[in-house]
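Close look at the chain arrangement
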Amino acid sequence: MKAKLKFKLPEDSHEWYNAIKGAAMHSALWEYDQWLRSQIKYEDLKDEQYQVYQGCRDKLRTVMYENDINLDNG
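Presented here is an overview of the structure given in this document.

**Overview of the overall build of the protein**
On a plain count of helices and strands, the protein comes out with 3 helices and 0 strands. For 74 residues, the compact-globule estimate of 2.2 N^0.38 gives 11 Å, and the C-alpha radius of gyration of the protein, at 17 Å, exceeds that figure by more than 25%. Counting over 74 residues, the protein shows a buried share of 11%. Considering only intrachain contacts with a sequence separation of at least 6, the fraction spanning at least 24 residues in the protein is 40%. With the model as given, the accessible surface of the protein reaches about 6,600 Å², and the carbon-plus-sulfur share is 52%. Once the 11 positive and 13 negative side-chain charges of the protein are each reduced to a mean point, those two points are 10 Å apart.

As structure tokens, then:
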């Protein structure tokens, strides 16, 4: 199966940019999620620090879920 995306440039430049940068955006989100995971799992954190990192990771995951983004299906 093949698929083609067509854009009317320059009017659709924002959509075009998002389409061509999708893999990079996915990688950036995955890297940030993994960094948060590493901080939570491996760093010696005070309870307050742990809660902040966990809250950030939870919010990131919520926003991704709400936008139908799944990092596990890369």
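**Details of the packing of aromatic side chains**
If you walk through the whole model with that rule in mind, you get 2 aromatic pairs. Measuring from centroid to centroid gives 6.1 Å for Tyr32 and Trp35, while their planes differ by 15 degrees, and the two rings are stacked. On the criterion of helical spacing, the pair formed by Tyr32 and Trp35 is a turn pair, its members being 3 residues apart in helix α2 (residues 22-42). Judged by relative accessible area, which is 40%, Tyr32 ranks as partly exposed. You can call Trp35 partly exposed: its relative accessible area is 41%. With centroids separated by 5.7 Å and ring planes inclined at 70 degrees, the aromatic side chains of Trp35 and Tyr53 adopt a geometry described as edge-to-face. Taken together, the residues span a long stretch of sequence, with Trp35 in helix α2 and Tyr53 in helix α3 (residues 47-66) at a distance of 18 residues. Members of the aromatic cluster, connected to one another through ring pairs, are Tyr32, Trp35 and Tyr53.

**Comments concerning α2**
The terminal C-alpha atoms of α2, which comprises 21 residues, lie 30 Å apart, in line with the 30 Å expected from a rise of 1.5 Å per residue. Turning to α2, its buried residues number three or more, namely Asp33, Leu36, Gln39 and Ile40. Relative to the axis of α2, the buried residues are bounded by an arc of 120 degrees and lie together on one face. Within α2, the exposed residues directed more than 90 degrees away from the buried face are Ala23, Glu31 and Tyr42.

What counts as what
Residues numbered from 1 in each chain as written. Predicted model: local features only at pLDDT ≥ 70, side-chain atom pairs only at ≥ 80, totals over all residues. Heavy atoms only, no water. Helix = DSSP H or I, 4+ residues; strand = E, 2+ residues; numbered from the N terminus. Rg over C-alpha atoms; globule rule 2.2 N^0.38 Å. Buried < 20%, exposed > 50% of the residue type's maximum accessible area, 1.4 Å probe, protein only. Contact = heavy atoms within 4.5 Å. Areas by Shrake-Rupley, 256 points an atom, 1.4 Å probe, with all protein chains shown as cover. Lys, Arg positive; Asp, Glu negative; His and termini not counted. Charge placed at Lys NZ, Arg CZ, Asp CG, Glu CD. Phe/Tyr/Trp six-rings, centres within 6.5 Å; stacked < 30°, edge-to-face > 60°. Expected span 1.5 Å × (residues − 1). Arc of directions from axis to C-beta.

Shape descriptors only; they carry no functional weight alone.
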